Amino acid sequence: MIPSHYGISHSFADESPEAKARWFQSLTMDERMAIFCEFTEMLLTLNPDIAERKDATPIAGRVRVLSRP
């Protein structure tokens, strides 16, 4: 039997942050790092200057920048 996380789903419940976290936690460390590297490459391809920026600034209503107190 094929596990449910290997099939195609049309349920919005499978798009929740919790479902995505469960999927990510089901990956091996090598698979997680491969995804991380792919996202990093994509980000640098779309915005090569991002590595030169020192501090992130929030964009009202879109992105929240968290920092330690």
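Refer to the structure printed above.
As the structure is a prediction and not an experimental result, all values here were calculated from the model.

**Q** For this particular structure, what's the right way to read the overall build of the protein chain?
**A** On a plain count of helices and strands, the protein chain comes out with 2 helices and 0 strands. Residues counted as buried form 6% of the 69 residues belonging to the protein chain. Accessible surface computed for the protein chain: about 7100 Å², of which carbon and sulfur atoms make up 60%.

**Q** Can you help me understand a nonpolar patch on the surface in this one?
**A** Where nonpolar side chains cluster on the molecular surface, the patch consists of M29, M33 and F36 and spans about 340 Å² of accessible area. Take M33: it is sitting in helix 2 (residues 29-46).

**Q** Would you mind going over the packing of aromatic side chains with me for this structure?
**A** All chains considered together, the criterion is met by 1 aromatic pair. With 6.4 Å between their ring centres and 55 degrees between their planes, W23 and F24 make a pair best called tilted. The class for W23 is partly exposed, based on a relative accessible area of 43%. For F24, a relative accessible area of 33% translates into the label partly exposed.

**Q** Explanation requested: the pattern of salt bridges in the structure shown.
**A** Two side chains bearing opposite charge may form a pair once their charged atoms approach each other closely. Within the structure shown, the criterion is met by 1 salt bridge. Residue K20 is joined to E15 by a salt bridge in which the shortest nitrogen-to-oxygen separation is 3.8 Å. Owing to a relative accessible area of 46%, K20 belongs among the partly exposed residues under this scheme.

What counts and how
- Residues numbered from 1 in each chain as written.
- Predicted model: local features only at pLDDT ≥ 70, side-chain atom pairs only at ≥ 80, totals over all residues.
- Heavy atoms only, no water.
- Helix = DSSP H or I, 4+ residues; strand = E, 2+ residues; numbered from the N terminus.
- Buried < 20%, exposed > 50% of the residue type's maximum accessible area, 1.4 Å probe, protein only.
- Areas by Shrake-Rupley, 256 points an atom, 1.4 Å probe, with all protein chains shown as cover.
- Patch = residues over 30% accessible without salt bridge, like charges linked within 9 Å, V, L, I, M, F, W, Y side chains within 5 Å.
- Salt bridge = Lys/Arg side-chain N within 4 Å of Asp/Glu carboxyl O.
- Phe/Tyr/Trp six-rings, centres within 6.5 Å; stacked < 30°, edge-to-face > 60°.

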